[in-house]
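Analysis of the macromolecular model
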Amino acid sequence: LGALDDLGIADETLVIYTSDNGGLSAHGRGGGRHTHNLPARSGKGSAYEGGIRVPLIVRWPGVVDPGSVARGAVVTHDLFPTVLAAAGVEIPAEHRSRIDGIDLGPVLRGDDDAPSDRPLLWHQPHFWGVNGPGIEPFSALRQGRWKLVYFHSGADVDPESGRRSGGPIFELYDLRADVGETTDLAARHPARVAGLAQVLSAQLEAAGAAMSIDLASGDP
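Not measured: the values here are computed from a predicted model.

Turning to the overall build of the chain, a few remarks are in order. The number of helices and strands found in the chain is 5 helices and 8 strands. Of the regular secondary structure in the chain, the N- to C-terminal order runs α-β-α-β-α-α-β-β-β-β-β-β-α. Buried positions account for 34% of the 220 residues belonging to the chain. Long-range contacts, defined as pairs at least 24 residues apart, comprise 53% of the intrachain contacts of the chain with a sequence gap of at least 6. Summed over its atoms, the accessible surface of the chain is roughly 12,700 Å², and 52% of this surface lies on carbon and sulfur atoms. Here the chain carries 19 positive and 28 negative side-chain charges, and the mean point of each set is 5 Å from the other.

Attention now moves to helix 3 (residues 79-86). Within helix 3 the residues assigned to the buried category are Leu79, Pro81, Thr82 and Leu84. Its buried side turned inward, helix 3 meets strand 1 (15-18), strand 2 (56-59) and helix 4 (105-108). Of the residues one or two after helix 3, Gly88 is the one with positive phi, at around 75 degrees.

Before going further, it helps to examine the side chain of Lys147. Summarising the element assignment, Lys147 is placed in strand 5 (residues 146-151). Polar contacts involving the side chain of Lys147 include one to the side chain of Glu181, which spans 2.9 Å. In this view, Lys147 contacts Ala47, Tyr48, Glu49, Ile52, Ala140, Leu141, Arg142, Glu171, Leu172, Tyr173, Leu175 and Glu181; residues no more than four positions away in its chain are not counted.

Here the focus is the sheet that holds strand 5. Taken in spatial order, the 4 strands of this open sheet run 3-4-5-8, and their pairing is antiparallel. For this open sheet the edge positions go to strand 3 (120-124) and strand 8 (169-174), each flanked by a neighbour on one side alone. Strand-to-strand twist across the sheet, computed as the mean angle between neighbouring axes with direction ignored, equals 15 degrees. The sheet contact formed by strand 5 and strand 8 spans 6 bridges and is antiparallel. From the neighbouring strand, Trp146 faces strand 8, where its bridge partner is Asp174. The strands touched by helix 5 (residues 190-207) within the sheet are strand 3, strand 4 (138-143), strand 5 and strand 8, with strand 4 carrying the most contacts at an inclination of about 115 degrees.

By the element assignment, Phe127 lies in the loop between strand 3 and strand 4. Owing to a relative accessible area of 36%, Phe127 belongs among the partly exposed residues under this scheme. Put simply, Phe127 and Ser212 are 85 residues apart on the chain and 9.1 Å apart in space, counted from C-alpha to C-alpha.

A few words on helix 5. When the terminal C-alpha atoms of helix 5 are compared, their 26 Å separation across 18 residues agrees well with the 26 Å that a helix rising 1.5 Å per residue should span. Considering only its buried residues, helix 5 is in contact with strand 3, strand 4, strand 5 and strand 8. Immediately downstream of helix 5, the backbone of Gly208 shows phi near 65 degrees, a positive value.

In this chain, Leu38 is followed by Pro39 through a cis amide linkage whose omega measures 10 degrees. Tracing the chain through its elements places Pro39 in the loop between strand 1 and helix 2 (49-52). You will see that His34, though not glycine, has its phi angle at about 65 degrees, which is positive. Within the element layout of this structure, His34 appears in the loop between strand 1 and helix 2.

How each quantity is defined
- Residues numbered from 1 in each chain as written.
- Predicted model: local features only at pLDDT ≥ 70, side-chain atom pairs only at ≥ 80, totals over all residues.
- Heavy atoms only, no water.
- Helix = DSSP H or I, 4+ residues; strand = E, 2+ residues; numbered from the N terminus.
- Buried < 20%, exposed > 50% of the residue type's maximum accessible area, 1.4 Å probe, protein only.
- Contact = heavy atoms within 4.5 Å.
- Areas by Shrake-Rupley, 256 points an atom, 1.4 Å probe, with all protein chains shown as cover.
- Lys, Arg positive; Asp, Glu negative; His and termini not counted.
- Charge placed at Lys NZ, Arg CZ, Asp CG, Glu CD.
- Polar contact = N/O pair within 3.5 Å; in protein donor to acceptor, adjacent residues only side chain to side chain.
- Pairing = 2+ DSSP bridges.
- Axes fitted to C-alpha atoms, helices over the stretch in contact; angles between N-to-C directions.
- Expected span 1.5 Å × (residues − 1).

By themselves these figures say nothing about function.
Below, the structure written as structure tokens:
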């Protein structure tokens, strides 16, 4: 930022600071494993918030009010249409239906908040290479305050590898009340789990997403 000021181009430069995933937590680098992102649970590669909740800081002189905070949930995919709109570039008509994100311009200007009921999707159909809470093949959906996590492999956890078996399993969390995902509410709210699972399934099918296992045979 200092360099932009020195060059005299800060007023015409949009700066975005973010990350592609949550902080690494599977290794004891100056602390205990899987504690680096507290209060968020776990870290990089995980279905839990420690793996997918990231910083997003924007400096855009004349547009973003310094020190302002937007509370709505957004996703990295939103940055593509946001940057195009900021640069005055139109998305070609043939690509519009394939764009996942939304233009965050109104949010950055303080005119509006991100849509509260928009489903946000994460899909990782593979083992990332390390063990830890939620670091396994998963699909996850956030809609408003609710987050549904679908672990592909199941409920029985191998004590050595940390991997599950025994069929797929769902977990449900209220992120507004429990950002650390300490209390799984799936058993208490089966109708909500079913509704969110239907939304998740439709999104995965629409995207042609590859899954980690064949549900009929259980084969990878």
